Amino acid sequence: MTKLLHRVFHALDRFHAAHPWDHNAHYHRWILRQLPSGCDSALDVGSGSGELARLLATRVKTVHGIDSDPDIVARAGEPTVPAAPVTFTVADAPAGMPPGPYDVITCVATVHHLPFTEALTRFREHLAPGGTLVVVGLSREATLGDHLLSLASIPLNAAMALIKNKGRRAPRPDSMTARTRPAEMTFSDIVREARQVLPGVRLRRRLFWRYTLVWRDGSGERGLR
């Protein structure tokens, strides 16, 4: 199965290079549905080219994005309307995170670059009472279930690429130019460590080689929309 998957993913990479679409952005609208009501502040960790931060600003009074890559932070600020309540700075997570507290912290396709348990601990410490942490992450495939979900994603990925690009070739968007690295933790590892740091955390495997994590701080009264 491993050799077959390697050949399939190689073909998928060639197809995706000609018809790119952002798997992370696919979950942005889902992230908005996780926001607590009455949000005043949000922090987007690993904000990249800023698409999610600008989307959060449609629902949150002030949004701050941080990323460790100075070039992509500079590009993130270019399309942002000056009056929009969004700012971007260069900072390393988790140690260099601004103090907050924040009603919402988001982290998309970034936490596998960080020391996982330390990152979740810092995220929890930077949340306001009743705040919500939303993570979209990557995990290393290890089980039959992982491989089956990966296989199910392949035809759907191709269909989405054709739909989003209207069947035409397209350049890679800025959001797909950030540095990447493969995930090292399995989903089981992630679940085990996350539950130790975030009691009551909700995790779920997702299509398109992602998982989601949602945790709400129980010390406040904010409710989900």
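This one's a predicted model, so the numbers in the text were calculated from it and none came from an experiment.

Description of the overall build of the protein chain
Secondary structure summary: the protein chain contains 7 helices and 7 strands in total. Shown N-terminal to C-terminal, the secondary structure of the protein chain runs as helices and strands in the order α-α-β-α-β-α-β-β-α-β-α-α-β-β. Residues counted as buried form 48% of the 225 residues belonging to the protein chain. In the protein chain, the share of contacts with a sequence separation of at least 24, taken over all contacts with a separation of at least 6, comes to 73%. By element, 56% of the accessible surface of the protein chain is carried by carbon and sulfur atoms, the whole surface being about 11300 Å².

Brief notes about the nonpolar core
Residues Ile105, Leu120, Phe123, Leu133, Leu203, Tyr211 and Leu213 are the most contacted members of the largest nonpolar core, which totals 29 residues. Mapped by element, the contributors of at least two residues to this core are strand 1 (41-45), strand 4 (102-108), helix 5 (116-126), strand 5 (127-137), helix 7 (187-197) and strand 7 (210-216). The greatest single-element share of this core, amounting to 5 residues, is contributed by helix 7. Non-local contacts of phenylalanine 123, meaning those with residues more than four positions away in its chain, are made with Val45, Met97, Ile105, Cys107, Val111, Leu114 and Leu133.

Topic: the side chain of glutamine 34
Tracing the sequence through the fold places glutamine 34 in the loop between helix 2 (28-33) and strand 1. A distance of 3.0 Å separates the side chain of glutamine 34 from the backbone oxygen of tryptophan 30, its partner in a polar contact.

Quick look at the pattern of salt bridges
Taken as a whole and judged by the stated rule, the model has 2 salt bridges. Arginine 192 is paired through a salt bridge with aspartate 189; the nearest N and O atoms lie 3.3 Å apart. With arginine 192 and aspartate 189 both in helix 7 and 3 residues apart, the pair spans about one turn of that helix. On the accessibility criterion, arginine 192 (44% relative accessible area) is partly exposed. Residue class for aspartate 189 comes out partly exposed when judged on its relative accessible area of 22%.

Details of the packing of helix 5 against helix 7
Across the interface, helix 5 lies against helix 7 with an axial gap of 10 Å and an inter-helix angle of 35°. As helix 5 packs across helix 7, the resulting crossing turns out to be right-handed. In this structure, helix 5 contributes Phe116, Thr117, Leu120, Thr121 and Arg124 to the contact, and helix 7 contributes Ile190, Glu193, Ala194 and Val197.

Quick notes on a nonpolar patch on the surface
A contiguous nonpolar surface patch, about 270 Å² in accessible area, is contributed by Leu144, Leu148 and Leu151. Locating leucine 144 in the fold gives a position in helix 6 (residues 144-164). With a relative accessible area of 55%, leucine 144 lands in the exposed category.

A closer look at the pairing of strand 1
Among the 5 residues of strand 1, 5 are classified as buried, and the element is accordingly described as predominantly covered. Residues Ser41, Leu43 and Val45 line one face of strand 1 and the alternating positions Ala42 and Asp44 line the opposite face, and both faces are buried. Two elements, strand 1 and strand 2 (residues 62-67), share 5 bridges in a ladder whose sense is parallel. Following the sheet pairing, alanine 42 is matched in strand 2 by valine 63.

Quick notes on the confidence of the model for the protein chain
Low-pLDDT stretches of the model should not have their predicted coordinates read in fine detail. Per-residue confidence for the protein chain averages 84 on the pLDDT scale, and 78% of its residues sit at or above 70. Low pLDDT (under 50) marks residues 221-225, which in the prediction has 24 contacts with non-local residues, meaning those over four places away or in another chain.

Focus on the pairing of strand 6 (residues 202-206)
Sheet faces and side chains relate simply in a regular strand, where the side chains alternate between the two faces. Looking at chain direction, strand 6 and strand 7 are connected through 5 bridges and run antiparallel. Paired with leucine 203 across the bridge in strand 7 is leucine 213. Between strand 6 and strand 7, which pair antiparallel and follow one another directly, the connecting turn spans 3 residues, one of which, phenylalanine 208, has a positive phi of 65°.

As for helix 4 (residues 70-77)
Listed as buried for helix 4 are Ile72, Val73 and Ala76. When helix 4 is viewed along its axis, its buried side chains cluster within an angular range of 105° and face the same direction. Tucked into the core, helix 4 has its buried residues touching helix 3 (51-56), strand 2 and strand 3 (86-90). With a side-chain oxygen lying 3.0 Å from the backbone nitrogen of aspartate 71, the N-terminal cap of helix 4 falls on aspartate 69.

Section: the sheet that holds strand 2
Reading across from one edge, 3-2-1-4-5-7-6 is the order of the 7 strands in this open sheet, with mixed pairing throughout. Each edge of the sheet is formed by a strand with only one pairing partner; in this case those strands are strand 3 and strand 6. Adjacent strand axes in the sheet meet at a mean angle of 15°, parallel and antiparallel pairs treated alike. Inspection of the sheet shows strand 4 paired to strand 5 by 6 bridges, in the parallel sense.

What counts, and at which threshold
- Residues numbered from 1 in each chain as written.
- Predicted model: local features only at pLDDT ≥ 70, side-chain atom pairs only at ≥ 80, totals over all residues.
- Heavy atoms only, no water.
- Helix = DSSP H or I, 4+ residues; strand = E, 2+ residues; numbered from the N terminus.
- Buried < 20%, exposed > 50% of the residue type's maximum accessible area, 1.4 Å probe, protein only.
- Contact = heavy atoms within 4.5 Å.
- Areas by Shrake-Rupley, 256 points an atom, 1.4 Å probe, with all protein chains shown as cover.
- Core = buried A, V, L, I, M, F, W, Y, C linked by side-chain atoms within 4.5 Å.
- Polar contact = N/O pair within 3.5 Å; in protein donor to acceptor, adjacent residues only side chain to side chain.
- Salt bridge = Lys/Arg side-chain N within 4 Å of Asp/Glu carboxyl O.
- Axes fitted to C-alpha atoms, helices over the stretch in contact; angles between N-to-C directions.
- Left-handed = near helix turned anticlockwise from the far one by under 90°.
- Patch = residues over 30% accessible without salt bridge, like charges linked within 9 Å, V, L, I, M, F, W, Y side chains within 5 Å.
- Pairing = 2+ DSSP bridges.
- pLDDT = per-residue confidence, 0-100.
- Arc of directions from axis to C-beta.

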